[in-house]
Every structure is written in C-alpha cells, then in structure tokens.
Amino acid sequence: MIKEGISIEFVKKVLQTWLLERDAAAVASALRKAEVDLLELLPANKRTFENLAAVLKEAGLESLINLERNKQNSGMKKDLQIGLAQRINDGESVKELTTYVVETMKKNNFLEHETAIICWNTLAASVEWNKKEDLLQEQALKHMKLYIPLLAAITTEPKTELALMVKIQEYCYDNMNFMRLYQKIIVLLYKADILSEDTVLKWYREGHATKGKSVFLDHMKKFVEWLQNAEEESDSGEDED
C-alpha cells in the first residue's frame, strides 16, 4: 500500500477531516503520540521532507508543514548527537569528528548555535568525570582542550559564542562540581579564540542565564575587569597615536 501511494492518500483524507475539528498542533501531537511518521508513508524512493511538504501542500495541509519540518529537524539533531557520541567512543580523531559535524550541519541546514550546543552536550556526556574537585579541574580542561578544533569550527558567530557560554553556565550549575570551573573553561575558550572579548563582556552585562547568576558573575569578575582594562589601554593607545 505504501509503494502504490495508497497509504498516504488515505492519511491525507483523514488529516483533512481532522483539521476541520482540531488545530494543527493538536493533530501533530496526536500523530506523535501514536508514533505515526508521515514520511514513512511515502514510497521509499520519494521519502524526503521536500516530497512530503509537496504532498501536504497539494492536499491543503500547509499548516502541518512547519510542524513536520520541526519534527524532522529534531530527529536529525538527535541523530547528530548519537552519531557524534558513537564516533567519540570509537576513537575517531578530532579532525574526523569535526568533518562529520560540519558536513552534517551544512547538509541539514542546522543553525550554528544549535549545533554548538549539541556538541557541548555530547562532549560533556562522553566522559565519566572525576568526583574529586582538584582532579576534575585537570581532567575537564584537558578534555575540552582536546576538542578545541571542533568547537572552533562551529563557533564562528557572536550568537553562537553567547549561546555556548550560556549552555556551559547551565551545565556547570546543574553539575555542582563544575561550579568553580566555569571561569577556567571560559578563559580556555577565550585564549583559543573561540570566544571574543565582546561576547564575554556581553554575557557578563546582560547575556548570562539566571541559574547561579551571582556565583558565576563573581567568579568571572576578575577576568572581566582584566578584559575591560585591556580594552581601555588599547583605546588610550589609539588616541595617543
């Protein structure tokens, strides 16, 4: 039935009737709970989101297209996270991991800041962290330093830099042993040219998350003051020239 296109034709009629009574979000939610994947109802040789969107549009089901797009994107992002974790576990080089992530991001049109967050979550989950604080610091910085090339390749925009800082802040808050490591991780990323001075200052002034706000701002205070003084000295030197 799928091969002949009968299944999708039947579902189209059901959806058209359903949408007369309920909104698109409710219909999409019901399909998700019933584990119905519209893409799987297309013949195998036409099983792409573009073809599904065309079918929905032709049937007057445009309201479902964006919801299906979000669903497909969510699934592909999950696949990226699983694929990256598996490749790390298999011992692939950082260069190979970087190529995999960048190509997947471009192929699926993922937003850069979303990709960076996926990578951070995966990298952080790929290690069994030491419970002793002094050993954890060395372990965490060594681990993150190893993956600098990967993070650098997917952090090229100010929005991504800030999103990464906020995600790391939230991770450190949720994993209490990391509370004192936030500043050290940020300095590491700053020295690696992944985070810019402007982004760090923006995070400090207005871009930080509320989780552990006072603690993280206090830990970052000296570094931020150093950045501000360096900026003032640079401006002063330019004025003298």
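Residues numbered from 1 in each chain as written. Predicted model: local features only at pLDDT ≥ 70, side-chain atom pairs only at ≥ 80, totals over all residues. Heavy atoms only, no water.

Right, let's talk about helix H7 (residues 133–146) for a bit. At 3.6 residues per turn, the α-helix brings residues three or four places apart onto the same side. The end-to-end C-alpha distance of H7, which contains 14 residues, comes to 20 Å, matching closely the 20 Å that a straight helix rising 1.5 Å per residue would cover. Where H7 is concerned, the buried positions are Leu-136, Ala-140, His-143 and Met-144. The arc that holds the buried residues of H7, viewed along the axis, is 90°, so those residues lie on one side. Exposed residues on H7 whose side chains face more than 90 degrees from its buried face are Asp-134, Glu-138, Lys-142 and Lys-145. (Helix = DSSP H or I, 4+ residues; strand = E, 2+ residues; numbered from the N terminus. Expected span 1.5 Å × (residues − 1). Buried < 20%, exposed > 50% of the residue type's maximum accessible area, 1.4 Å probe, protein only. Arc of directions from axis to C-beta.)

For the rest of this paragraph, the subject is a positive patch on the surface. Taken together, the side chains of Arg-22, Arg-32, Lys-33 and Lys-71 define a basic patch exposed on the protein surface. Mapped onto the elements, Arg-22 comes out in the loop between helix H1 (6–18) and helix H2 (24–33). (Patch = residues over 30% accessible without salt bridge, like charges linked within 9 Å, V, L, I, M, F, W, Y side chains within 5 Å. Areas by Shrake-Rupley, 256 points an atom, 1.4 Å probe, with all protein chains shown as cover. Salt bridge = Lys/Arg side-chain N within 4 Å of Asp/Glu carboxyl O. Lys, Arg positive; Asp, Glu negative; His and termini not counted. Charge placed at Lys NZ, Arg CZ, Asp CG, Glu CD.)

Interaxial distance between helix H3 (residues 49–58) and helix H4 (residues 65–89) falls to 10 Å at its minimum, and their mutual angle equals 160°. By the angle between their directions, the pair H3 and H4 is classed as roughly antiparallel. Every pair of crossing elements has a handedness; the one defined by H3 and H4 is right-handed. Judged by residue contacts, Phe-49, Leu-52, Ala-53, Leu-56 and Lys-57 of H3 engage Ile-65, Glu-68, Arg-69 and Gln-72 from H4. Here the contact of H3 with H4 is composed, by residue class, of five nonpolar, one polar and three charged. (Axes fitted to C-alpha atoms, helices over the stretch in contact; angles between N-to-C directions. Parallel < 35°, antiparallel > 145°, perpendicular 65-115°, else oblique. Left-handed = near helix turned anticlockwise from the far one by under 90°. Contact = heavy atoms within 4.5 Å. Nonpolar A, V, L, I, M, F, W, Y, C, P; charged D, E, K, R; others polar.)

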